[in-house]
Amino acid sequence: MWKFTAKEIVEKPELFTSGHRACAGCGPAIALRQIMKATRGPTIVTNATGCMEVVSTIYPYTAWKLPWIHTAFENAAANASGIEAALKVMRRKGKLKEPVDVIALAGDGGTFDIGIQALSGAAERGHDFLYVLYDNEAYMNTGIQRSGGTPYGASTTTSPAGTVIPGKSQFKKPIADIMVAHDIPYVATASIAYWQDMLKKARMGLEVEGPAFLHALAPCPRGWRYDTSKTIELARLAVETCIFPLWEAIDGEYTLSPQSRIPALKPERKKPVAEYLKMQRRFQHLFRPPFEHMINDIQRTVDKRWNRLLKKCNMDG
Amino acid sequence: METVKQEVGVEAVEQQVLALNGDEAVALAVKQSDVDVVAAYPITPQTIIVERFSEYVANGEVNTEFVCTESEHSALTACLTASATGVRTFTASASAGLALMHEILYVTSGCRAPVVMAIANRALSAPINIHCDHSDSMAERDSGWIQIYVENSQEAYDSIIQAFRIAENTDLLLPVMVCLDAFFLSHTLENVNVLPDETVRKFVGERHVPLVRGHNGKDVPFKLDPDNPITMGPLDLYDYYFEHKRQQEEAMRKAPRIIKQIHDEYAHTSGRKYGDGLIETYQLEDAEIATVCCGSAAGTAKAVVDKLRAQRIKAGLLRLRTFRPLPVGEIMRALENVKAIAVMDRSNSFGGYGGPIFHEIRHTLYGARNRPHVVNYIYGLGGRDMPQNTIQGIYSDLQKILETKQVGNEVKFAGVRE
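Parameters and conventions
Residue positions are given per chain, counted from 1 along the sequence in the order it is written. Labels are handed out in written order, letters beginning with A for the chains and numbers beginning with 1 for the ligands. Residues qualify for local features only when their pLDDT is at least 70, as the model is predicted, and side-chain atom pairs are given and counted only at 80 or more; totals for whole chains, interfaces and linings, by contrast, use all residues. In this description a helix means any DSSP run of H or I spanning at least four residues, a strand means any run of E spanning at least two, and both kinds are numbered starting from the N terminus. Within these notes, the globule rule equals 2.2 Å times the number of residues to the 0.38 power, and the radius of gyration is based on C-alpha atoms. Three classes are used. A residue is buried when 20 or more other C-beta atoms lie within 10 Å of its own, exposed when 12 or fewer do, and partly exposed in between, with C-beta atoms placed from the backbone. Contact between two residues is assigned when their C-beta atoms, built from the backbone, lie within 7 Å. Paired strands are those between which DSSP finds at least two bridges. Place the viewer so that the strands point away; then a crossover is right-handed whenever the path from the first strand over the helix to the second strand goes clockwise. Residue ranges assigned to the domains are those given by an automatic or database domain assignment. Polar here means any residue outside two lists: the nonpolar Ala, Val, Leu, Ile, Met, Phe, Trp, Tyr, Cys and Pro, and the charged Asp, Glu, Lys and Arg; Gly therefore counts as polar. Think of each axis as a best-fit line through the C-alpha atoms, taken over the contacting stretch in the case of a helix, with angles from 0 to 180 degrees between the N-to-C directions.

(A) Quick peek at the overall build of chain B. Each helix and strand counted, chain B has 13 helices and 20 strands in total. Taking 22 Å as the expected radius of gyration for a compact globule of 418 residues, we find that chain B reaches 21 Å, a close match to that expectation. For chain B, the C-alpha atoms occupy an extent of roughly 70 × 55 × 45 Å along the three principal directions. With 418 residues in all, chain B has 54% of them scored as buried. Excluding contacts between residues fewer than 6 apart, the proportion of contacts in chain B whose partners are at least 24 apart in sequence is 78%.

Next up, the structure:
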């Protein structure tokens, strides 16, 4: 297990540098900065089309101090597959002295929806790479459209809160569980509110042999409609309400991460979902008639999924 | 194929004659070209290429990383990023598979990744049909790939070997499609002269990556290299995108000279040449009537030309080997004295005025001193056979045009029930 001090992390050069054009309070930019602090040596990064690709590379500028490539939207995992195959053959032919890590970055649209085929294929083939899903819960780059990662009830530009239909009608796809079902060596969830946990998990994902999947929750002030100073607070509340529990699955064995062990061991510390929802204007219609019952729907589903997770972690009492 | 030992003035190397179908010839050429990464997905009629290559991998006959992807989209993506990492890559596809790659075809050429791909030309759905026509690759003619159409399995073998040299040429860095007709070539056994492994390896050589200006003003290799990090495939807006696309066109304009040069060098080694590498002319010097086509139909057309010549009819043929870049000057010079020309298209441009080869040939000849009559025949869609008598009928039509000076309908369909 990788051990580090805060000082070491601060002193490690930024590989995703300042000067990029992300919005104030951007959660994904924070996630990338944290994850790049977890690299262990030579690394190649590939990025799906999306916010992070756009804000970090407008030609002739770049925020990347690592070799980096973007090709299209739905193929981040296929990008990684090709890079990893090339590195493998170069190593075999003696053209590459040290091993090189590969990180694929994609948002929720590029992972839950359009990129899931390439991701599933790469996981099945067993390429050695870390796939990072930075999840801001909608197609933010194109103007806040709903994705398979958008939560139930959220108002987006393609699931607007109307008088008849109150925002998105479906719950979030359990993408990390789907990746565990691929029987890959490492799957974890992380929140930018807990940077040490994020770094450890990113490093673990790089260290395991074979595919690793890191689902990083990264709030978006523009899309979630909250004040830019509240990004970390919301990322923490998502964990405290058990809407986004933190766990890891090593070879398919689930373990709750420290921050989520708190509500598991002390259920009274589990915060109600309404605390999280009320801070975001994408959910504001749920606090007015006739849709108030939806908050209960959300609480019920969160509880159901949380209890299911506790069982998987052997913490169901 | 012409045997050119005398012409090129060398004794070509000793070659083995193997009975191979077009797909097997391609797989063997890829094996001998020391390709680092092959990523592919099966689709009829390209499948044999991937199957044969899998056998080479399974038997340890190649040192290639073979990635069996879950789609053609990912297959080309993996080739693109492997190529961007600095290695030699190959894939193969056809029809719906090529259509699924459409997005990444443009990304590959835009990233200047010298991927080589074999296309077993097959009809596009619907209705679903696995047989030959050129609808698939013709639909990708503007994707920034060099396109070479071959006449037989021997040429498929030879062209794949040349394609790596063309694509990876540091003045070009353009991906190359080698197109062979489904079943007529992909699945038909022919005698193929095969060069020794060492000869091919020496001809193809190592891939060299050019230097580009890096982020710190230093010249660095154009690849994903942790020692010299560069950003590839960035967002590129109205202030630079156009210049980058213009550079791609500039590379295309340099390509004919390099295609010819590599073709001639290969002829020197193998004793085989295909016209000048761009176009092949057959009995065209004094021809009054001629057809223009690409692919395996040229073989049939040559037999028809022989028959007509025996009847003292001045018939000729132009086979377009390189369709992208279009060898404008060569076409013009080859056809400018012909009086009536029939362009044969194995694909259709629905609602357009004739097929894609017709558009290009007629457009090229607009500036000819004695502008010839140019008509179009759409033929062979979905694998419909193109027998000698159909081609003979086309030459008869051309003779009638010469006699009557009446062209009539300029765009016709050959071999279809109307």
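What follows continues from the structure just given.
(B) Spotlight on the pairing of strand 3 (residues 101–106) of chain A. Residue and element names in this part refer to chain A. Most of strand 3 sits out of view: six of its six residues are buried. Here strand 3 shows two buried faces, one formed by Asp101, Ile103 and Leu105 and the other by Val102, Ala104 and Ala106. Bridge count between strand 1 (residues 43–47) and strand 3: five bridges; the pairing is parallel. Pairing of Thr46 across the sheet is with Ala104, part of strand 3. Judged from the four bridges that link them, strand 3 and strand 4 (residues 130–135) form a sheet pairing that is parallel. Residue pairing for strand 4: Ile103 is matched across the bridge by Leu130.

(C) Looking closely at helix 6 (residues 116–125) of chain A. Those residues of helix 6 of chain A that sit buried are A:Ala118, A:Leu119, A:Gly121, A:Ala122 and A:Ala123. Summarising the contacts, the buried residues of helix 6 of chain A are in contact with helix 4 (76–92), helix 5 (109–113), strand 4 and helix 7 (175–180) of chain A together with helix 4 (72–84) of chain B. Phi turns positive, to about 80 degrees, at A:Gly126, one or two residues after helix 6 of chain A.

(D) Local environment of the pairing of strand 5 (residues 89–93) of chain B. Residues and elements named next belong to chain B. Of all five residues that make up strand 5, five are buried, and the element is covered over most of its length. Pairing geometry for strand 5 and strand 6 (residues 116–121), over four bridges, is parallel. When the sheet's bridge partners are listed, Ser93 is paired in strand 6 with Ile119. For the handedness criterion, the β-α-β arrangement of strand 5, helix 5 (residues 95–110) and strand 6 is classed as right-handed.

(E) Molecular detail of the domain arrangement of chain B. All names here are of chain B. Annotation of chain B at the domain level lists domain 1 (2–209 + 249–272) and domain 2 (279–414). Spacing between the C-alpha centres of domain 1 and domain 2 amounts to 27 Å. Across the boundary between the two partners, domain 1 contributes 27 residues, which contact 20 residues of domain 2. At the level of elements, helix 6 (135–138), strand 7 (146–149) and helix 9 (241–270) are the ones that each hand at least two residues to the side of domain 1 that touches domain 2. A per-element tally of the side of domain 1 that touches domain 2 places helix 9 first, with five residues. Considering only residue class, the side of domain 1 that touches domain 2 consists of 15 nonpolar, seven polar and five charged.

(F) Broad picture of the interface of chain A and chain B. Counting residues at the interface gives 40 residues for chain A, matched by 40 residues for chain B. Where the side of chain A that touches chain B is concerned, the elements lending two or more residues are strand 1, helix 3 (51–57), strand 2 (68–70), helix 4 and helix 6 of chain A. At 12 residues, the largest contribution of residues to the side of chain A that touches chain B is made by helix 4 of chain A. Looking at the side of chain A that touches chain B, its residues break down into 21 nonpolar, 13 polar and six charged. Across two bridges, strand 2 of chain A lies against strand 12 (residues 231–232) of chain B in parallel orientation. The residue of strand 12 of chain B that forms the bridge with A:Ile69 is B:Met232.

(G) Geometry of the sheet that holds strand 8 (residues 176–181) of chain B. Residue and element names in this part refer to chain B. Spatially, the seven strands line up as an open sheet ordered 4-3-5-6-8-7-17, and their pairing is mixed. Each edge of the open sheet carries a strand with a single partner, namely strand 4 (65–68) and strand 17 (322–324). Taking the axes of each pair of neighbouring strands and ignoring which way they run, one obtains an average angle of 20 degrees across the sheet. Where strand 6 lies against strand 8, six bridges are found, and the strand directions are parallel. By the bridge assignment, Asn121 is partnered in strand 8 with Asp181.

(H) Spotlight on the sheet that holds strand 14 (residues 279–282) of chain B. All names here are of chain B. Read across the sheet, six strands follow the order 14-16-15-18-19-20 without closing on themselves; strand pairing throughout is mixed. At either end of the open sheet lies a strand with only one pairing partner, and these are strand 14 and strand 20 (411–414). The sheet shows a mean angle of 25 degrees between the axes of neighbouring strands, direction not considered. Relative to strand 20, strand 19 (residues 373–379) runs parallel, the two sharing four bridges. Looking at the pairing, Tyr379 lines up with Ala414 of strand 20. The strands touched by helix 10 (residues 297–310) within the sheet are strand 14, strand 15 (289–293), strand 16 (315–320) and strand 18 (340–345), with strand 16 carrying the most contacts at an inclination of about 165 degrees.

(I) Spotlight on the environment of A:Ile192. All names here are of chain A. When you line up the elements, Ile192 lands in the loop between strand 5 (186–191) and helix 8 (195–207). Taking the number of C-beta atoms within 10 Å as the measure of exposure, Ile192 has 26 and is therefore buried. In this structure the C-alpha to C-alpha distance between Ile192 and Ile30, which are 162 residues apart in sequence, comes to 6.8 Å. If near-sequence neighbours (up to four positions away) are discounted, Ile192 is found in contact with Gly27, Ile30, Ala31, Gln34, Met198, Ala216, Leu217, Ala218, Ile232 and Ala235.

(J) Representation of the environment of A:Phe4 within the structure. All names here are of chain A. Note on placement: Phe4 falls in the segment before helix 1 (6–11). For Phe4, a count of 14 C-beta atoms within 10 Å corresponds to the partly exposed category. Residues Phe4 and Ala104, 100 residues apart in the sequence, show an inter-C-alpha distance of 24 Å. In this view, Phe4 contacts Ile9 and Leu199; residues no more than four positions away in its chain are not counted.

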